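Observations on the model geometry
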Amino acid sequence: MGSKIKLLVPLCLVLVVVGWDLWGPHHSNLRDFDADAVARLETRMWRNYYEKHEGALFRDMAVLLRTQYHLPWLRSYQVAYEAARAAFVFKRGRIRADYEKALPPLRRYYGAIRKVSDTPFDPERAARLELEWWIVHRQREMHVPEDLDKALAAVQAELYAMPAERFAAHAHLRAAAMALRDTQAQAQGVSPEDWQRIEELLRQSWADLARVVHS
């Protein structure tokens, strides 16, 4: 009996720690991030997405959520799974009805972010805005470039409860990084030097966002 109790005590402690990590109250300031680190991780995630490395995308997303958006360790993997799942559901789509199958994991992703965020936002609206810029980018031949800028700015406006116009520079630089990747992919392919240029554009983009949300 005594040996069973000795085994149960550490097991209970583990369950408490896991439960606290996954479901306990945590608070995160979404304004507190390192723009250089976000740009580096986003560049890696883009490469993983286009090269169909689902596992690597999942791991990098978990690192981003843990180090930049301050989710607990286990929860970062749980939420990263939803983000990666949404991305690859979307990737396989061909029409809007297919793309909208990515909404349930996107809702869960933004719902988890909202639970820890000190700044209130609507997870449903954030998920739909996220999906919308994915669609605008996928169907870019049907849009003027400014449409992607506006769609990207709208996501940040929702997350930070600020006017979308404040995020115009951030959105434009991020869209420029996407355009560079798309152009090179359709030409001779995206070289290591191209990825360095993409990362620099993303670094400028996230640095501008940090400036705006702290102003």
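Higher on the page you've got the structure.
First things first, this report covers the structure right here in the doc. (Residues numbered from 1 in each chain as written. Predicted model: local features only at pLDDT ≥ 70, side-chain atom pairs only at ≥ 80, totals over all residues. Heavy atoms only, no water.)

In this section: helix 9 (residues 168–186). Over its 19 residues, helix 9 runs 27 Å from end to end, which matches the ideal 27 Å to within 8%, given 1.5 Å per residue. Taken residue by residue, helix 9 has His170, Ala171, Leu173, Arg174, Ala175, Ala177, Met178, Leu180, Arg181, Asp182 and Gln184 as its buried positions. On its buried side, helix 9 packs onto helix 2 (35–50), helix 7 (123–138), helix 8 (145–160) and helix 10 (192–213). (Helix = DSSP H or I, 4+ residues; strand = E, 2+ residues; numbered from the N terminus. Expected span 1.5 Å × (residues − 1). Buried < 20%, exposed > 50% of the residue type's maximum accessible area, 1.4 Å probe, protein only. Contact = heavy atoms within 4.5 Å.)

With that settled, the discussion passes to the packing of helix 6 (residues 103–116) against helix 7. Contact geometry for helix 6 and helix 7: axes closest at 8 Å, N-to-C directions at 130 degrees. The pairing of helix 6 with helix 7 is recorded here as oblique in orientation. Read as a crossing pair, helix 6 and helix 7 show a hand that is right-handed. On helix 7, the residues touching Leu103, Leu106, Arg107, Tyr110, Gly111 and Arg114 of helix 6 are Pro123, Glu124, Ala126, Ala127, Arg128, Glu130, Leu131 and Trp134. A class-by-class count of the residues in the contact of helix 6 with helix 7 yields eight nonpolar, one polar and five charged. (Axes fitted to C-alpha atoms, helices over the stretch in contact; angles between N-to-C directions. Parallel < 35°, antiparallel > 145°, perpendicular 65-115°, else oblique. Left-handed = near helix turned anticlockwise from the far one by under 90°. Nonpolar A, V, L, I, M, F, W, Y, C, P; charged D, E, K, R; others polar.)

With that out of the way, let us pick up the packing of aromatic side chains. For the structure shown, the criterion picks out twelve aromatic pairs. Ring geometry for Phe58 against Tyr77: centres 5.7 Å apart, planes inclined by 50 degrees, an arrangement best described as tilted. Here Tyr77 lies in helix 4 (residues 73–91) and Phe58 lies in helix 3 (residues 54–67), a separation of 19 residues in the sequence. Among the residues examined, Phe58 registers a relative accessible area of 25% and is labelled partly exposed. The partly exposed category is assigned to Tyr77, whose relative accessible area is 26%. Their ring planes at 70 degrees and their centres at 5.0 Å tell us that Trp73 and Tyr77 sit as a pair that is edge-to-face. One end of the pair, Trp73, and the other, Tyr77, are both in helix 4, four residues apart, so they sit about a helical turn from each other. Joined through ring pairs, the aromatic side chains of Phe90, Tyr99, Trp133 and Trp134 make up one cluster. (Phe/Tyr/Trp six-rings, centres within 6.5 Å; stacked < 30°, edge-to-face > 60°.)

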